[in-house]
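# Results of the structural survey
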Amino acid sequence: MNEDLKARYDFASWGQDRQAAHVLLRGYKPWREDALDWRPEARHQLPEPDQRRLRRSFWSPPEDPERLVLIEVRETPSSSAAMACLLDVLGQNDHVRLPGGPAEIGDVCFIHPDEETPGVFWTTGNECVSLLSLGGKPAPVLEWAQRLHARMSTRPHVTEHALTIEPPRGLLAPGERSQVIVAWPSIETEEGFYQVFSDEAELSLEDDQIRILTPSSGPVAVEAFVVEPNRPTIAGLFESTVS
Amino acid sequence: MRRRRGGEEGMSVGNVDRPEVDPRSAMPFEVYSVEFSFPGSGAIPLKHHALSAPTPPSNSYESGGLLTSFLGGTTVPIPEYITGVRSEPAAFLIVTRPRIRAVFRKLSADAEGSYTIGAVGGFGGLLENPAYLQFPVSELSEPIEFDLAQPLPSGIGRFEFALDWTARGSDGLPRPIGSTQHTVYTLLDRPVAPWDVETPWIAALDLACEWAAGAMTKDAVAEAITRGLNSHPLLRYHGATTFDWSVYLLSNFLWLLDRGGVFHLNCTDCANAVVTLANLLGCNLYEGRVFDLTTRRFLKLAGNAGVDADWVSYEWNYHEIAWLEGVGPKSCVYDSCLHVDADVNDEDLLRVPRLPVRMPFPEYRDLLVAKGPCAPTRAPTRRPVA
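Sequence order sets the numbering: in each chain, residues are counted from 1 along the sequence as written. Chains carry letters and ligands carry numbers; both start at the beginning, A for chains and 1 for ligands, and go up in the order they are written. Since the coordinates come from a predicted model, pLDDT governs what is reported: local features require at least 70, and pairs of side-chain atoms require 80 or more to be given and counted, while whole-chain, interface and lining totals use all residues.

## Side note on the sheet that holds strand β11 (residues 202-206) of chain A
All names here are of chain A. Quick reminder of the rule: Any two strands are treated as partners once DSSP identifies two or more bridges connecting them. Only runs of H or I of at least four residues qualify as helices and only runs of E of at least two qualify as strands under DSSP, and these elements are numbered from the N terminus.
Reading across from one edge, β8-β9-β12-β11 is the order of the four strands in this open sheet, with antiparallel pairing throughout. Both edges of this open sheet fall to β8 (165-166) and β11, since each of them pairs with a single strand only. With five bridges joining them, β11 and strand β12 (residues 209-213) adopt antiparallel strand pairing. Each residue of the ladder has a partner; that of Leu205, found in β12, is Ile210.

## Observations regarding the pairing of strand β14 (residues 234-242) of chain A
Residues and elements named next belong to chain A. Pairing of strand β13 (residues 218-227) with β14 involves nine bridges; the strand directions are antiparallel. Residue pairing in the sheet places Pro219 in a bridge with Thr241 of β14. Following β13, the chain reverses through six residues before pairing antiparallel with β14; Asn230 in that reversal takes a positive phi of roughly 60 degrees.

## Concerning the domain arrangement of chain B
Residue and element names in this part refer to chain B. Selection rule: Annotation comment: domain bounds sourced from an automatic or database domain assignment. Contact between two residues is assigned when their C-beta atoms, built from the backbone, lie within 7 Å. Residue polarity is assigned by list, with Asp, Glu, Lys and Arg as charged and Ala, Val, Leu, Ile, Met, Phe, Trp, Tyr, Cys and Pro as nonpolar; anything else, Gly included, falls into the polar class.
Per the domain assignment, the segments making up chain B are domain 1 (11-187) and domain 2 (202-376). Listed per partner, the contact involves 17 residues of domain 1 and 16 residues of domain 2. At the level of secondary structure, the elements contributing two or more residues to the side of domain 1 that touches domain 2 comprise β3 (47-48), β12 (157-168) and β13 (174-187). Class assignment of the residues belonging to the side of domain 1 that touches domain 2 gives a composition of nine nonpolar, six polar and two charged.

## Thoughts on the sheet that holds strand β11 (residues 144-147) of chain B
All names here are of chain B. Taken together, the five strands give an open sheet; going across it, the order is β6-β5-β2-β8-β11, and neighbouring strands pair in antiparallel fashion. Each edge of the open sheet carries a strand with a single partner, namely β6 (86-87) and β11. Taken together, the two bridges between strand β5 (residues 81-82) and β6 define a ladder with antiparallel strand orientation. Looking at the pairing, Tyr81 lines up with Ser87 of β6.

If you want it as structure tokens, here you go:
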């Protein structure tokens, strides 16, 4: 990775005081209700290097083609990979260094300078997101970014756990990665996605399977959700002890 | 403004007088199909890329459907023309004289026999060819080869033309056997990377041939593509890469042009477009970056040279341009995302916009850079298209 770029963005300080590693998403796509009810004109998906999956979508309001927003969501295996991905994204920007963005957006966030088209670049858990106002008229991308980040990072409230989470084989040990297998149901709507939270364990993806790493002994809980617009959230809970 | 779509426009060729034909009796067969791409024909394979119309999203996260559609597309079916069914385009090098194959369909029982078959129309039509036609159970003849009477033009283009076919039987009188419509693209040379691993896209050819219409040299093509991009009324500059950097999302670029409405892109996107479209027509350009530079004032994309505010200066993380044949301090460059100020006096108000086309890199650096080494990368690329 470009050391000069790292230094310019003070990469070593990213995510130090955040809980980025405790959120994991799979298949996240922006929801229409988070995008001012603008219309998704096109959605595309393609693989990228470093086990990233890129999902791009173009959005515009009805009857106004001069307003256009591009949302790029790069799904990576972990929060640290997402931050490395964000650095790559920033490195593909002509500007030497973008200003920092609002603290309430993402684990780490940067924005386009005022004289530029509005743009926000951030990470939430293992997702690296770019939100660009691409059209001839500016779009309120900061407002969108707040909504998108909130959707990605908010743990849903549920009253029951019907989703099966298969516990790791063997005992959980501090500092060791273990696999938990979630019996994910298929997603019924195009905007549905999977969320995993753990207050104690660091979460990552390996071969599309969830890995947990708990740095110290003690209780650990992993909660998984299937989140879809206008449908009940399905949840599962795994609890154990690291010893 | 919308870019034209294939088939709506194009240069019509060969509106010639039809030969006198005997109206009293029809021939017992007609043209069924015309084929341009077969071994030895010199035709360049083409495809309809995916996402010329965006595919609907998949319901399933694990589904490969979207991915397939992104990297897939449909190759042009062979034969390209079938009467009443389809008329697909073909591509050839300039000044070649394509050979085509035609298949004829029996219309009545006495069709078998000796005929002299030809056509008038675009590019002088087809040279007459004597043939003995037999019609098996399928009622379709074996393919018969014909040569175009004249070579294709000597410049880049997209040409629509018709062929009015006639056949002469034993009485020597020409009788019509059908009229066929075709589209042909002419390229300077066979497509160069990234088109060595990807079949050339028809929509990309439409755009490239529109911008470079009539160009007869590779320099002229590269310049025309650079100017075409720079002068496009929908394009504006911003700092972020819009069409990715590990690949070039040409499909998204084409889609946005078709969609209409202004959109923003950066230098990487511009360099990708120039290299990808110019190389499609046979040029040999590379994408390559320079690093560490603060610019002099330059005229931004879509800027008005007479408006002082449109002359801007940036401190750039990098800048990406198209390079002729390779990246290096002695190479020439094409930069479609700006005009440099050819007036080297920064103190006066005189500004002379100049689009960098085949500009030696040292001159380009002098005109663009106010501060910084502007060091070229050692890793030129031609990004794959998707």
